[in-house]
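Tertiary structure, described
Read off the chains here:
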Amino acid sequence: MSIARLKGRRIQFVQYWGIHDIIINGIIDYYLKRLTMFPYGIALFRQVVSFVRKKLFQLKTLEEADRDKLLEYVIAQYAFNRTRFHVHDLLTRKYSIYWASHPDVDSIKLKTEYILDSLCNTGELSKDPYQQYIVEPLAISTLAKTRQADLRHCQLLQVQWLSIAIGFSVMLTAIIEAGIVQAPCLLSFDGEVLKSNEKKCLLDFQL
């Protein structure tokens, strides 16, 4: 283009530097950024941070896939907007983009696909011909039943621990009443024993 045609026009350059886009608006901006190298420094810094995060992620042990937890996560992410998702989309959202470079990537992917297919068989999910999953309304009902079962299990554990505590208290009381264990003055439950213990404690205090 001639200089005359360039007059009055907005010129923009886009330089693809690695995975970064450096946008330059006009000739003056081009020379300023080339002289200062400021955008390139920022791009290099981001690249180093990305490399360090990737290496740290590879050293981390990924959480094993669990059916109930995965169903809850899928419902929270995809159920209410009816978004179709692939197993790669799910793993990227759950573990970040760095999951593909993890040493256990094959194992995590296979286990996740197995659980998703299991949820398809029971009706919580469905799969289209493009291998994308869809959350069905049954998934919310299943999640509600699972939470109720977990709540009942916690309540049952609390009742069992309370029963154990009561049984231990009764056993301790029976041992003290039988005289097998000498109880302190304030822990005596029989009236006569309490009086004798009070006298004994008083004599010990005077001595």
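Residues numbered from 1 in each chain as written. Predicted model: local features only at pLDDT ≥ 70, side-chain atom pairs only at ≥ 80, totals over all residues. Heavy atoms only, no water.

Turning our eyes to something else, we now look at the overall build of the protein chain. Across its full length, the protein chain holds 8 helices and 4 strands. When the helices and strands of the protein chain are read in sequence order from the N terminus, they spell out α-β-β-α-α-α-α-α-β-β-α-α. Evaluated residue by residue, the protein chain yields a buried proportion of 21% over its 207 residues. For the protein chain, the proportion of contacts with a sequence separation of at least 24, taken over those separated by at least 6, is 45%. (Helix = DSSP H or I, 4+ residues; strand = E, 2+ residues; numbered from the N terminus. Buried < 20%, exposed > 50% of the residue type's maximum accessible area, 1.4 Å probe, protein only. Contact = heavy atoms within 4.5 Å.)

Moving on, we get to the side chain of Glu124. Structurally, the position occupied by Glu124 is in the loop between helix 6 (105–122) and strand 3 (125–127). Residue classification places Glu124 among the buried positions, given a relative accessible area of 5%. Within polar-contact distance, the side chain of Glu124 engages the side chain of Thr142 at 2.8 Å. Excluding residues that lie within four positions of it along the chain, Glu124 makes contacts with Arg67, Leu71, Leu119, Ile134, Val135, Glu136, Leu138, Ala139 and Thr142. (Polar contact = N/O pair within 3.5 Å; in protein donor to acceptor, adjacent residues only side chain to side chain.)

By the alternation rule, side chains of strand 2 (residues 20–25) split into His20, Ile22 and Ile24, which are all buried, and Asp21, Ile23 and Asn25, of which none is buried. Direction of pairing for strand 1 (residues 12–17) relative to strand 2: antiparallel, over a ladder of 6 bridges. Looking at strand 2, one finds that Trp17 is bridged to His20. Hairpin remark: strand 1 followed by strand 2, antiparallel, with 2 residues in the connecting loop; positive phi at Gly18, about 70 degrees. (Pairing = 2+ DSSP bridges.)

Turning to the nonpolar core, a few remarks are in order. Ranked by size, the top nonpolar core spans 22 residues in total, and within it Val74, Ile75, Phe85, Leu90, Leu116, Leu125 and Val135 carry the most contacts. Counting residues per element, the ones that place at least two in this core are helix 4 (67–79), helix 5 (87–95), helix 6, strand 4 (133–135) and helix 7 (138–178). Ignoring any residue separated from it by four or fewer positions in sequence, one finds Val135 in contact with Val74, Ile75, Tyr78, Ala79, Arg82, Phe85, Glu124 and Leu125. (Core = buried A, V, L, I, M, F, W, Y, C linked by side-chain atoms within 4.5 Å.)

Another point: unusual backbone geometry. We note that Met37 has phi near 60 degrees; this positive angle belongs to a residue other than glycine. Tracing the sequence through the fold places Met37 in the loop between helix 2 (26–36) and helix 3 (38–59). Classification of Met37 as partly exposed rests on a relative accessible area of 40%. Of note in the backbone geometry, Gln131 takes a positive phi value of approximately 65 degrees without being a glycine. You can see Gln131 is positioned in the loop between strand 3 and strand 4. The class of Gln131 is partly exposed, set by a relative accessible area of 42%.

Attention now goes to the packing of aromatic side chains. Overall, the coordinates contain 4 aromatic pairs when judged by the stated rule. An aromatic cluster is present here, built from Phe13, Tyr30 and Tyr31 joined pairwise through their rings. Its end group placed over the ring of Tyr73, Lys94 keeps NZ or CZ at 6.0 Å from the ring centre. (Phe/Tyr/Trp six-rings, centres within 6.5 Å; stacked < 30°, edge-to-face > 60°. Lys NZ or Arg CZ within 6 Å of the ring centre and 35° of its normal.)

None of the figures reported here should be taken as evidence of function without further support.
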